[in-house]
Protein chains: 2
Amino acid sequence: MATAQHATDYDERVVNAAREVFAQQGFAAPISEIAELAGVGVASIYRRYPNKRELAEHVRIAATSRIIAEAETAREAESDPWKAFELFMHGCLREHTGIGVVLPPHADCRGFSEELLTLRDRMISRVEELVAAAQHAGGLRGDLRAADVFVLFKHLNPPLATDEPRRAELRARYLALVLPGLRDSSVPLPGAAPDWEELRRMCEGGADSEPAEERVGSG
Amino acid sequence: MATAQHATDYDERVVNAAREVFAQQGFAAPISEIAELAGVGVASIYRRYPNKRELAEHVRIAATSRIIAEAETAREAESDPWKAFELFMHGCLREHTGIGVVLPPHADCRGFSEELLTLRDRMISRVEELVAAAQHAGGLRGDLRAADVFVLFKHLNPPLATDEPRRAELRARYLALVLPGLRDSSVPLPGAAPDWEELRRMCEGGADSEPAEERVGSG
DNA sequence: CCTCACCGGAACGGATCATTCCGCTCCGGC
DNA sequence: GCCGGAGCGGAATGATCCGTTCCGGTGAGG
């Protein structure tokens, strides 16, 4: 039916716009921006999601699932562990992957659904496996940790420069700039990789996640 | 005199705090945050600067000057162009350099003083010279542009994770991760480096700069 | 022409932030 | 010990932004 088709079309545009806006600007981005990018009114978003938090959670779940799928696909498609790792990195930075949206799950886990937390853990496991395999047999430097990969994602993702084709070009450029260096272990990495808690704080500062939690003191 | 000393002390704490906060959170950071980090009241900031814009400009001028100095120092201290480039990168990411604050001059030049615009141009020139020299004789990959260096700074700077020593550790870690790759030109960089205008847009989205265009206010 | 479903955008209320105002403390002079 | 003023911290103010809700408009089906 025309009507159902129309609704589906709207759903998709809203979700896509939300993914892009959240990925690029963080979860503090205004709903109106999503509406504008989607070419709909704000009310059309609220007609589909009860509030911003639920929209954000939906987007996070979708993006996290997609990253997991990228990891599994990469492993299956490539027997060479380094190639698989490379493929995964490229896959995560492809258009519409919404990689920018998977950091906040590490960044701000307060009040998330079990589903999302489970997905988050699975995503981390998949990345750890890819890294370990590439280190064992692929020449990936041994002192790289999975958390570093997420830091790279965080930096490689949100150019936000212009339109998507150009953004993809920029992601590709900086991925190409960084990837070869990951195999050069002539100089050991100083310091320790961030743990998930620290990564959380690193992402919180950059692009705000949810408004805030309990406003404690003062009055 | 105790009084003069005290005032100087306050000035310094305010400027340092402003540099850190602006560098990590962008120029949209609230003044109250700066005040808190400096351990002073907001009024003490306004007693020294007529408004937020002038404080920001002061910080930008200081940081930009410092980057220029780092570039000149590096060139003079090292005859090997690659070493000079490396030294410059490390120098810019040292504590208190405020590298995060030099991006917005490219990011949002509206209504800046001639002084700052001149410094900005000089800073760009110095970086271009270092890059060209390192490419000519130092093994730096030939397709790296000066704008890429600023993109790297943008990503290497604002961990914001915890306290400064740890932040310095993180900056060092990711600089060490990236630097070796800059000499590996086996795979040419795809896409084009951003021009200054595009870099401006890239920074605008990430961490807000000034509120918006001309906000008349302040009556 | 009427009804129903769905839209876009204006309206509302709360939160945030730049800036100003005010009462307090500390210091030197008497 | 008491007075005047400089300088301070934080509360008060006014404007803006943003999440959410409300409402009048529009097009399809009957």
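Residues numbered from 1 in each chain as written. Chains lettered and ligands numbered in written order. Predicted model: local features only at pLDDT ≥ 70, side-chain atom pairs only at ≥ 80, totals over all residues. Heavy atoms only, no water.

Caption draft 1: Fine view of the packing of aromatic side chains. Residue and element names in this part refer to chain A. Applying the stated criterion across every chain yields a total of 10 aromatic pairs over all chains. Aromatic rings pair up to connect Phe88, Phe150, Phe153 and Trp196 into one cluster. Across the ring face of Tyr10, the terminal group of Arg13 is positioned such that the distance to the ring centre comes to 4.9 Å. (Phe/Tyr/Trp six-rings, centres within 6.5 Å; stacked < 30°, edge-to-face > 60°. Lys NZ or Arg CZ within 6 Å of the ring centre and 35° of its normal.)

Caption draft 2: Structural view of the environment of Ala132(B). Turning to its location among the elements, Ala132(B) is positioned in helix 7 (residues 114–137). Taking C-alpha positions, Ala132(B) is 8.9 Å from Pro81(B), a pair spaced 51 residues apart along the chain. (Helix = DSSP H or I, 4+ residues; strand = E, 2+ residues; numbered from the N terminus.)

Caption draft 3: Expanded view of the protein's contact with DNA strand D. Taken together, the neighbourhood of DNA strand D is formed by 18 residues, with Tyr46(A), Lys52(A), Tyr10(B), Ala43(B) and Ser44(B) sitting nearest. Sugar and phosphate atoms represent 59% of those atoms of DNA strand D found within 4 Å of the protein. Taking Gly41(B), its main chain carries an N or O atom lying 2.9 Å from a phosphate oxygen of DNA strand D. Side-chain polar atom of Ser44(B) to a phosphate oxygen of DNA strand D: 2.5 Å apart, as the coordinates give it. Residue composition of the surface near DNA strand D, grouped by class: 10 nonpolar, 4 polar and 4 charged. (Near = heavy atom within 4 Å. Polar contact = N/O pair within 3.5 Å; in protein donor to acceptor, adjacent residues only side chain to side chain. Nonpolar A, V, L, I, M, F, W, Y, C, P; charged D, E, K, R; others polar.)

Caption draft 4: Representation of the UniProt feature "DNA-binding region" (unreviewed entry) in chain A within the structure. Under the UniProt annotation, the feature "DNA-binding region" (unreviewed entry) is placed at residues 30–49 of chain A. In residues 30–49 of chain A, helix accounts for 65% and strand for 0%; the two terminal C-alpha atoms are 15 Å from one another. (UniProt positions renumbered as here; feature names shortened; annotations may be inferred.)

Caption draft 5: Seen up close, the relation of the copies chain B and chain A. Expressed as a screw operation, the relation of chain B to chain A combines 0.0 Å of axial shift with a rotation of 180 degrees, fitting to an RMSD of 0.1 Å. Given the turn and translation reported, the copies of this chain are related as if by a two-fold rotation axis. Measuring from the rotation axis to each C-alpha of chain B, the shortest distance belongs to Gly181(B), at 1.8 Å. Most of the interface of chain B is mirrored in chain A, where 100% of its interface residues are also at the interface. (Least-squares fit on C-alpha atoms with pLDDT ≥ 70 in both. Contact = heavy atoms within 4.5 Å.)

Caption draft 6: Representation of the packing of helix 5 (residues 81–92) of chain A against helix 7 (residues 114–137) of chain A within the structure. Residue and element names in this part refer to chain A. Packing of helix 5 against helix 7 leaves a shortest axis separation of 8 Å and a crossing angle of 140 degrees. Classified by the interaxial angle, the pair formed by helix 5 and helix 7 is oblique. Crossing of helix 5 against helix 7: the hand is left-handed. Here Pro81, Trp82, Ala84, Phe85 and Phe88 of helix 5 come into contact with helix 7, specifically with Val127, Leu130, Val131, Ala133, Ala134 and Ala137. Along the lines of polarity and charge, the residues of the contact of helix 5 with helix 7 split into 11 nonpolar, no polar and no charged. (Axes fitted to C-alpha atoms, helices over the stretch in contact; angles between N-to-C directions. Parallel < 35°, antiparallel > 145°, perpendicular 65-115°, else oblique. Left-handed = near helix turned anticlockwise from the far one by under 90°.)

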